[in-house]
Amino acid sequence: MLENKLWINNLAELSREEEKISKKKAIILFTDNLLNDKTPGTFEALKFIHKFLFEDIYEFAGKIRDVNLAKHNFRFASLVYLNVALKNIENMPQSTFNEIIEKYVEMNIAHPFCEGNGRSMRIWLDHILKVELGKVVDWSKVDKEDYLLAMGRSPIKDLEIKELLNKSLTERIDDREVFIKGIDNSYYYEGYYTYKAEEL
Ligand SMILES: Nc1ncnc2c1ncn2[C@@H]1O[C@H](COP(=O)(O)OP(=O)(O)O)[C@@H](O)[C@H]1O
Ligand SMILES: [Mg+2]
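Throughout, residues of each chain are indexed from 1 in the direction in which the sequence is written. Whichever chain is written first becomes A and whichever ligand is written first becomes 1, with later ones labelled in order. Under the rules for a predicted model, residues below a pLDDT of 70 receive no local features and side-chain atom pairs below 80 are neither given nor counted, while totals for whole chains, interfaces and linings still include all residues. Hydrogens and waters are ignored; side-chain quantities use all the structure's heavy atoms.

Colleague: Pulling in residues and values, what's your account of the layout of surface pockets?
Modeller: A cavity here means a set of 1 Å grid points, computed over protein atoms only, where a 1.4 Å probe fits but cannot escape. A pocket is an open set with protein on both sides within 12 Å along at least 5 of 7 lines, and lining residues have an atom within 4 Å of a point. Grid points are joined across faces, edges and corners, and a volume is the space filled by probe spheres set on the points. Taken as a whole, the second largest pocket spans an internal volume of roughly 260 Å³. Considering the residues around the second largest pocket, the lining is formed by 17 residues, among which Phe30, Leu35, His127, Lys130 and Phe179 are closest to the centre. A run of DSSP states H or I qualifies as a helix once it reaches four residues; a run of E qualifies as a strand once it reaches two. Both are numbered from the N-terminal end. Looking at the lining of the second largest pocket, the elements that each hand over two or more residues are helix 1 (11-31), helix 5 (117-133), strand 3 (136-137) and helix 8 (176-180). Broken down by element, the residue count for the lining of the second largest pocket peaks at five residues, all from helix 5.

In structure tokens:
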């Protein structure tokens with residue numbers, strides 16, 4: 001259970017509130033074009049996104065984690081290498097779709113924050129795709145389970161995640177619904193509920 005600013009100590013309730021607040025913030029990020037002056041593909045941009053989404057919820061918003069992290073037996077970048085890894089990732093090329101996804105996969109392996117990496121990184125990815133290719137991922141077309149399986153496989157082989165996201169690319173870069181689906185929390189538990197934009 002993560003320490004939070006909301007005085008919530010129930011996991012289900014925290015997940016619900018966390019999703020609701022971060023989605024509201026994501027809508028502001030989108031409608032006020034707050035990423036327009038950020039350089040796509042930089043850690044600075046990702047840090048800004050994470051801080052903006054989670055600053056009302058977690059003390060660690062926008063701060064690099066100080067613990068080692070693992071999910072389903074996969075260990076994300078060790079703290080010892082994290083800063084160097086972030087520098088290297090930032091310098092990776094991003095002029096083609098494949099290069100962009102390869103960069104995204106590496107950033108996921110780095111997993112710089114304690115929590116909220118998936119959501120902030122999907123916005124970071126869309127920002128790169130939008131500026132470099134004039135496209136974004138239509139997250140409503142991406143099956144969550146397929147996505148999580150493909151991300152789980154991605155450190156070994158990135159073909160699945162490339163195919164999955166490639167077939168969901170859209171030129172509707174200013175469509176709020178397309179954007180907001182990307183910010184669903186991928187944490188599943190019984191009774192888990194995802195807010196729709198109009199409910200916020
Ligand atoms: N086994 C795995 N190996 C690598 N990456 C994973 C694995 N499982 C999940 N992921 C990635 O980690 C993200 C979840 O990270 P997390 O920090 O909990 O973010 P969030 O809270 O926004 O979902 C998923 O969206 C996915 O991209
Ligand atoms: Mg999570």
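Colleague: Summarise the pattern of salt bridges; cite the residues concerned and give the values.
Modeller: For this document, the term salt bridge refers to a Lys or Arg side-chain nitrogen within 4 Å of an Asp or Glu carboxyl oxygen. Considering all chains together, one arrives at 15 salt bridges under this definition. Residue Glu18 pairs with Arg119 through a salt bridge whose shortest N-O separation is 2.7 Å. On the criterion of sequence distance, the pair formed by Glu18 in helix 1 and Arg119 in helix 5 is long-range, its members being 101 residues apart. Neither Glu18 nor Arg119 differs from the other in exposure class; each is buried. A salt bridge links Asp138 to Arg172; the shortest N-O distance between them is 3.7 Å. With a gap of 34 residues between them, Asp138 in the loop between strand 3 and helix 6 (144-153) and Arg172 in the loop between strand 4 (169-170) and helix 8 connect regions that are remote in the sequence. Taking relative accessible area as the criterion, Arg172 reaches 42% and is therefore assigned partly exposed. Overlapping salt bridges bring together Lys25, Lys51, Glu55 and Asp56 as one network. Exposure is judged per residue with a 1.4 Å probe applied to protein chains only, and the accessible area is read against the type maximum: over 50% gives exposed, under 20% gives buried, and values in between give partly exposed.

Colleague: Please give an account of the side chain of Ser22 that cites residues and values.
Modeller: Here Ser22 is to be found in helix 1. On the basis of relative accessible area, Ser22 is assigned to the buried category, the value being 0%. The contacts of Ser22, once residues within four sequence positions are left out, are Leu53, Phe54, Ile57 and Arg119. It only takes one pair of heavy atoms within 4.5 Å for two residues to be counted as in contact.

Shape descriptors only; they carry no functional weight alone.
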